[in-house]
Amino acid sequence: MTAITGQKPAARRLKLILILALALRLVYGLAQDPLAVYNTNGDSGWYLLNGYALATGFDRGTISVPGVTGVTLPVSLSTLPTPPLYLLFIGFWQAVLPPPAAIVMIRLIQAVMGVALCALAYRLARRLGGDRAGLWAAGALAVSPAFVIEPAALLSETLYMFLVSIALWLYVRLFAAHHTQPAVSLLLAGGLLGLATLTRAPLLLFPLGLALHLLLACGWRAGLRRAALLLAAYAFIVSLWTLYSLARWDRFIVAAPGFEAFLFLGTTGWQGPESVDRSLAELSGAAVPDQIADQQQIYREAAMQNITRDLPGYLARRASDLADAYLQPHGTAYFGGESLKDLALGWLQTDRTPGGLLRLAQGEWFWPKLAIYIFHYAGLVLGVVGIWLTRRRWRLALPLLGFIAYTTLVHFVLDALPRYLFPTMLFWWIFAAVAFSAWRRDRVAAAR
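Being a predicted model, the structure only gives us computed values, none of them experimental. (Residues numbered from 1 in each chain as written. Predicted model: local features only at pLDDT ≥ 70, side-chain atom pairs only at ≥ 80, totals over all residues. Heavy atoms only, no water.)

Peer 1: Any chance you could explain the side chain of Arg200 here in plain terms?
Peer 2: Here Arg200 shows up in the loop between helix H8 (182-197) and helix H9 (206-218). Arg200 gets classed as buried once you look at its relative accessible area, which sits at 8%. Here the side chain of Arg200 touches Glu157 through a polar contact of 2.6 Å, side chain to side chain. With sequence-adjacent residues up to four places away left out, Arg200 is seen in contact with Pro83, Ser156, Glu157, Tyr160, Tyr420 and Pro423. (Helix = DSSP H or I, 4+ residues; strand = E, 2+ residues; numbered from the N terminus. Buried < 20%, exposed > 50% of the residue type's maximum accessible area, 1.4 Å probe, protein only. Polar contact = N/O pair within 3.5 Å; in protein donor to acceptor, adjacent residues only side chain to side chain. Contact = heavy atoms within 4.5 Å.)

Here it is as structure tokens:
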């Protein structure tokens, strides 16, 4: 009876948190100009036009979306550098609705996904640290400015985090007491991880880590059977895009062909798409990048040449880029004005007066950016503590920590940007909530 009554307040609080999360995401998202995202200078415009082409069967040429004037983009689906799922998602709505309504619909669905992330964070943190940890995790994500803003962006992160978090929730359930359908959970988790890989290709090898975890947690024989189920479902989903690409374009790919390009960018640094096209043209001797037959081979050879020429310099540059990507919170770029980090460094180096600090605080978008920084660093610092506190529950904690470690290592090798590392913040905050809940519990106990 105590357990039942104890769950009711947590359930009510979770509902209030989810209502708040939805309200914040809708208020922000619906306030944005729906047609502004068609600016082809950014990633969102690229996603939208390529998604429309993929959903409508347009294969190659210059495309525009009916109802959006003055916006065109050269498209070649046979050399598409990204996986298809997010493109199909946003392309479908553009194909069936007028552009403004399509953008609003996409943002509405992504807002619901953002709320679902809060609920899934609650469930995962609850398994690690109890109801209070779950509520702290859901509450933090509900009001975190970066997570409030992200569903309004026409980028793949929201869908990717949604799929990964459901998959890991299903996976972690395997280790709960009296779980009666492990095969179903494994097949669903593997399939969802496959869909996540068809959203963001760097996830490609992560299920192999989960397979190793199953061997450690379940023993050799049972772990091998469960790993086979997980990997079979995962491989089936990923192979659908491979088979489609072979049938339509006679092109063999697994998830996406862009790993070599990201490896090359890891040796040079990201300086914008024009710089990448210029580098490719210089390496190949062709004037137009679309006319280069094997772009990925050129990128691979150039990357290996850069790495072998100066291996210590390459490793130092990758470590520096990765550190910068972690230290710079994702989300501040959505606000205009000068970089908060640059302003703070300028004050420390040239001013250091209270008046200068006050002027800094009156800068454009200072407070929203400061809130993003606070949530970002609180999640990282408390997350480290939470990881330590959950070390004895490694069967539950290791898959979540594994996602953080895997994503970090992948982007040590490939290009690292705050946006690419942002999905790890979901799991940093789950561990952070465990730490904060334990601190609150100890403080209350000491007060008594």
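Peer 1: In this structure, what is going on with a positive patch on the surface? I would like to understand it.
Peer 2: A cluster of like positive charges, contributed by Lys8, Arg12, Arg13, Arg132, Arg393, Arg440, Arg441 and Arg443, occupies part of the molecular surface. Within the residue set of the positive patch, elements represented by two or more residues are helix H1 (2-30) and helix H20 (424-447). Within the secondary structure, Arg12 sits in helix H1. (Patch = residues over 30% accessible without salt bridge, like charges linked within 9 Å, V, L, I, M, F, W, Y side chains within 5 Å. Areas by Shrake-Rupley, 256 points an atom, 1.4 Å probe, with all protein chains shown as cover. Salt bridge = Lys/Arg side-chain N within 4 Å of Asp/Glu carboxyl O. Lys, Arg positive; Asp, Glu negative; His and termini not counted. Charge placed at Lys NZ, Arg CZ, Asp CG, Glu CD.)

Peer 1: When you look at empty space enclosed by the protein in this model, what are you seeing that I'm missing?
Peer 2: The tally for this structure, following the rule as stated, stands at four cavities of 30 Å³ or more. The wall of the largest cavity is formed by 17 residues, among which Pro329, His330, His376, Phe422 and Met425 lie closest to the centre. Elements with a minimum of two residues in the lining of the largest cavity: helix H6 (145-149), helix H14 (311-327), helix H17 (366-389), helix H19 (418-421) and H20. In terms of residue class, the lining of the largest cavity is built from twelve nonpolar, five polar and no charged. The computed volume of the second largest cavity comes to approximately 70 Å³. Forming the walls of the second largest cavity are Tyr160, Arg200, Pro202, Leu203, Tyr406, Thr407, His411, Tyr420 and Pro423. Here the element with the most residues in the lining of the second largest cavity is helix H18 (residues 394-413); it accounts for three residues. (1 Å grid on protein atoms, 1.4 Å probe; cavity = no way out; pocket = protein on both sides within 12 Å on 5 of 7 lines; lining within 4 Å. Points joined across faces, edges and corners; volume = space filled by probe spheres on them. Nonpolar A, V, L, I, M, F, W, Y, C, P; charged D, E, K, R; others polar.)

Peer 1: Teacher, can you tell me more about the packing of aromatic side chains here?
Peer 2: How two aromatic rings sit relative to each other is given by the distance of their centres and the angle of their planes. On inspection of all chains with the given rule, the structure shows 18 aromatic pairs. On the numbers, 5.6 Å between centres and 15° between planes, the contact of Trp241 with Tyr244 is stacked. Residue Trp241 and its partner Tyr244 are both found in helix H10 (residues 220-249); the two are separated by three residues, about one turn of the helix. Each ring, one from Trp241 and one from Trp249, has its centre 6.0 Å from the other, and the planes form 75°; the classification is edge-to-face. With respect to burial, Trp241 and Trp249 carry one shared label: buried. An aromatic cluster of at least three residues, connected via ring pairs, comprises Tyr160, Phe206, Phe403, Tyr406 and Phe427. (Phe/Tyr/Trp six-rings, centres within 6.5 Å; stacked < 30°, edge-to-face > 60°.)

Peer 1: It is not clear to me how the pattern of salt bridges should be interpreted in this structure. Could you clarify?
Peer 2: Pairing between side chains of opposite charge can happen when their charged atoms approach one another. Scanning the model with the defined rule gives six salt bridges in all. One salt bridge connects Arg126 with Asp131, and the closest N-O pair in it is separated by 2.8 Å. The class for Asp131 is partly exposed, based on a relative accessible area of 22%. One salt bridge connects Glu157 with Arg200, and the closest N-O pair in it is separated by 2.6 Å. In this pair, Glu157 sits in helix H7 (residues 157-173) while Arg200 sits in the loop between H8 and H9, placing the two residues 43 residues apart along the sequence.

Peer 1: Can you help me understand helix H2 (residues 43-56) in this one?
Peer 2: Three- or four-residue spacings in an α-helix give side chains the same orientation, since the helix completes a turn every 3.6 residues. Helix length check: H2 (14 residues) gives 20 Å between terminal C-alpha atoms against 20 Å at 1.5 Å per residue, within 8%. Within H2, ten of the 14 residues are buried, which leaves it mostly tucked inside the rest of the structure. If you check which residues of H2 are buried, you get Ser44, Gly45, Tyr47, Leu48, Leu49, Asn50, Gly51, Tyr52, Ala53 and Leu54. In this structure, the buried side of H2 is in contact with strand E1 (60-63), strand E2 (73-76), helix H3 (85-96), helix H4 (99-129), H10 and H19. Directly beyond the C-terminal end of H2, a positive phi value near 85° is found at Gly57. (Expected span 1.5 Å × (residues − 1).)

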